[in-house]
Amino acid sequence: MANQTDPRRRYLEIATHRFAERGFHGVTLAALADDAGVTKQALLYFFPTKERLYGEVLARLAERLSSKIDDIDAPTPEQRLVTYFEAHTNGALSRPDDARLVIRVLLDTDAATKVSPLKPYLEKLVAVTRETKRWKDVSREEVLAGLNMKIVTRRKVQMSLAATRETSRNSR
């Protein structure tokens, strides 16, 4: 849980959860302030706009996800990619808001978007993927489409496993 003496960090964690849950357009600063138990003006002191808050939430997400890629030491690009997705799957179970945010960003972002805070993470993931034999001669767009399917498929498996565990716990 966030340090209660650090309101900025606490607001970012609340916003991360809400943006993951509802997407950019489904969240208001007033609702976030209410969730935090503060006035909207208190939230605006740290984040002058919803866009700035969302950008910081996504920049933190990109940093967490990119560091996971950087931390993987594997002998081949294929093993590095498999290890990353295994870590990503396990991380999604411990930090489900991160997985939801990635999907929300993909859904909320349109062609008119000029800057994406997730771009460094996605470019790093594309680069690692294109080091593999299977993907080395494929366009960036095809890699992203393939990765999106892999992420969505893994997320469905995670949700199924979580539901099975919950059912098992409830039947005890």
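In short, a report on the structure. This is a predicted model, so every value here is computed, not measured.

**Considerations on the nonpolar core**
Alright, step 1. Within the largest apolar cluster, 38 residues are counted, with the highest numbers of intra-cluster contacts made by Phe19, Leu32, Leu53 and Tyr84.
Alright, step 2. Broken down by secondary-structure element, the contributors of at least two residues to this core are α1 (7-22), α2 (29-36), α4 (50-70), α5 (77-94), α6 (96-108), α7 (119-130) and α8 (140-170).
Alright, step 3. At 8 residues, the largest contribution of residues to this core is made by α4.
Alright, step 4. Setting aside chain neighbours within four positions, we find Leu53 in contact with Leu12, Ala15, Phe19, Leu29, Leu32 and Phe47.

**Details of the packing of α1 against α6**
Alright, step 1. Where α1 meets α6, the axes come as close as 8 Å, and the angle between the chain directions of the two elements is 55°. Classified by the angle their axes make, α1 and α6 are oblique. Judged by the sense of rotation from one axis to the other, the crossing of α1 with α6 is left-handed. Residue-level inspection shows Thr16, His17, Phe19, Ala20, Glu21 and Arg22 of α1 in contact with α6, the latter providing Asp97, Arg100, Leu101 and Arg104.
Alright, step 2. Taken together, the residues of the contact of α1 with α6 sort by class into 3 nonpolar, 2 polar and 5 charged.

**A closer look at the packing of α4 against α7**
Alright, step 1. At a minimum axis separation of 8 Å, α4 and α7 run at an interaxial angle of 20°. Relative to α7, the element α4 is oriented roughly parallel. In this structure, the crossing between α4 and α7 has a hand that is left-handed. Two secondary-structure elements touch here, α4 through Ala62, Leu65, Ser66, Ile69 and Asp70 and α7 through Pro120, Tyr121, Lys124, Leu125 and Val128.
Alright, step 2. Each residue belonging to the contact of α4 with α7 can be placed in one class, and the counts come to 7 nonpolar, 1 polar and 2 charged.

Conventions used here
- Residues numbered from 1 in each chain as written.
- Predicted model: local features only at pLDDT ≥ 70, side-chain atom pairs only at ≥ 80, totals over all residues.
- Heavy atoms only, no water.
- Core = buried A, V, L, I, M, F, W, Y, C linked by side-chain atoms within 4.5 Å.
- Buried < 20%, exposed > 50% of the residue type's maximum accessible area, 1.4 Å probe, protein only.
- Helix = DSSP H or I, 4+ residues; strand = E, 2+ residues; numbered from the N terminus.
- Contact = heavy atoms within 4.5 Å.
- Axes fitted to C-alpha atoms, helices over the stretch in contact; angles between N-to-C directions.
- Parallel < 35°, antiparallel > 145°, perpendicular 65-115°, else oblique.
- Left-handed = near helix turned anticlockwise from the far one by under 90°.
- Nonpolar A, V, L, I, M, F, W, Y, C, P; charged D, E, K, R; others polar.

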